[in-house]
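# Reading the structure
Given next are the chains, with one letter for each unit.
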Amino acid sequence: MVTKPEWVGTVAQLYTTATKGFALREVEHIQVTASGIVGNREFFLVDVDERLYSVPKDPIFLDYWTTYDPLANTFRIGRRTVVHCEAEVRPAGPVRPFQFDERKVDGRWTPGPWDAWFSELAGRNLRLVRCAEPGAGGDVHPVTIVSSASLRSLGFELDGRQVDGVESPIVV
């Protein structure tokens, strides 16, 4: 006899970001592979030492979003409704390892107008790298599921606002 699985919940919202360390954007659907969500954190920034440059070093990009359109091969950076930089992606050089916190992630330089834009905003030289394997730019686990109950237990931001996503579960 086959039993029906017990219902445990629903996914109410999905969020991803094209670049590690940038604002999450809601998406309608995702494709999950063994290495993570396709298109999520497919890009990352490195500093002059070719090490990951992300939120623990500088949260400056958390208010900005990035997107990548694979059909048009276009990378875009924006804030709220304003697009600050947009161009075609043209990776350069061979695939090679980059220091990504405690591990290495294979990627390729992706030079473009965004390098100057990132560098000016951060006040240091930064370059964009694209992961060689889709989804490889995530953290330790390829998918994170956060429940609304967990977010409610966190309480409020310092300015009194509710923690992002408190109204419904989030997958990133």
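The written sequence of each chain sets the order in which its residues are numbered from 1. At least 70 in pLDDT is required for a residue's local features to be given in this predicted model, at least 80 for side-chain atom pairs to be given and counted, and no such filter applies to totals for whole chains, interfaces and linings, which use all residues. Side-chain metrics in this entry use all non-hydrogen atoms of the structure; hydrogen atoms and water are not considered.

### Considerations on the environment of Arg127
Numbering goes from the N terminus for both helices and strands, where a helix is a DSSP run of H or I of at least four residues and a strand is a run of E of at least two. Relative to the elements of secondary structure, Arg127 occurs in strand 11 (residues 127-131). Judged by its relative accessible area of 37%, Arg127 is partly exposed. Once the C-alpha coordinates of Arg127 and Gly112 are considered, the two residues, 15 residues apart in sequence, prove to be 8.9 Å apart. Apart from residues lying up to four places away in sequence, Arg127 is in contact with Phe44, Leu45, Val46, Trp109 and Asp115. Each residue is placed in one exposure class: buried if its accessible area under a 1.4 Å probe, protein chains only, is under 20% of its type's maximum, exposed if it is over 50%, and partly exposed if it falls in between. The contact definition used throughout considers only heavy atoms, calling two residues in contact when any of these lie within 4.5 Å.

### What about empty space enclosed by the protein?
Grid spacing is 1 Å over the protein atoms alone, the probe is 1.4 Å, and a cavity is where that probe fits but cannot get out, while a pocket is an open set with protein on both sides within 12 Å along at least five of seven lines and lining residues have an atom within 4 Å of a point. Grid points are joined across faces, edges and corners, and a volume is the space filled by probe spheres set on the points. Applying the stated criterion across every chain, the model contains one cavity of 30 Å³ or more. Estimated volume of the largest cavity: approximately 30 Å³. Surrounding the largest cavity, Lys20, Gly21, Phe22, Leu45, Tyr53, Ser54, Asp58 and Phe61 form its lining. Residue classes follow a fixed rule: Ala, Val, Leu, Ile, Met, Phe, Trp, Tyr, Cys and Pro count as nonpolar, while Asp, Glu, Lys and Arg count as charged, and any other residue, Gly among them, counts as polar. Class assignment for the residues of the lining of the largest cavity results in four nonpolar, two polar and two charged.

### Observations regarding the state of the cysteines
Criterion for a disulfide: a pair of cysteine sulfur atoms at a distance within 2.5 Å. Under the criterion given, the structure shown has zero disulfides. Here Cys85 is not disulfide-linked; the sulfur of Cys131 is the nearest cysteine sulfur, at 19 Å. Judged by its relative accessible area of 9%, Cys85 is buried. Residue classification places Cys131 among the buried residues on the basis of a relative accessible area of 6%.

### What about the confidence of the model for the protein chain?
pLDDT is a per-residue confidence score from the predictor, ranging from 0 to 100. Confidence in the prediction for the protein chain averages 87 pLDDT; 94% of positions are at 70 or higher. In this model, residues 168-172 is a region of pLDDT below 50 whose contacts with residues beyond four sequence positions or in other chains number 31 contacts.

### Observations regarding the pairing of strand 6 (residues 65-69)
Being paired, for any two strands, means DSSP has found at least two bridges between them. The sheet contact formed by strand 6 and strand 7 (residues 74-79) spans five bridges and is antiparallel. In the sheet register, Thr66 faces strand 7, and the bridge partner there is Ile77. Taking the residues between adjacent antiparallel strands as the criterion, strand 6 and strand 7 are bridged by four residues, where Asn73 takes a positive phi near 55 degrees.

### Things to note about the pattern of salt bridges
The working definition used for a salt bridge is a side-chain nitrogen of Lys or Arg within 4 Å of a carboxyl oxygen of Asp or Glu. Overall, the coordinates contain six salt bridges when judged by the stated rule. Measuring nitrogen to oxygen at the nearest pair gives 2.7 Å for the salt bridge that ties Arg96 to Glu50. Taken together, the positions of Arg96 in strand 9 (residues 92-100) and Glu50 in the loop between strand 5 (43-46) and strand 6 put the pair 46 residues apart, joining distant regions of the chain. Note on Arg96: relative accessible area 23%, which makes it partly exposed. We note a salt bridge from Asp63 to Arg79, for which the minimum N-O separation is 2.6 Å.

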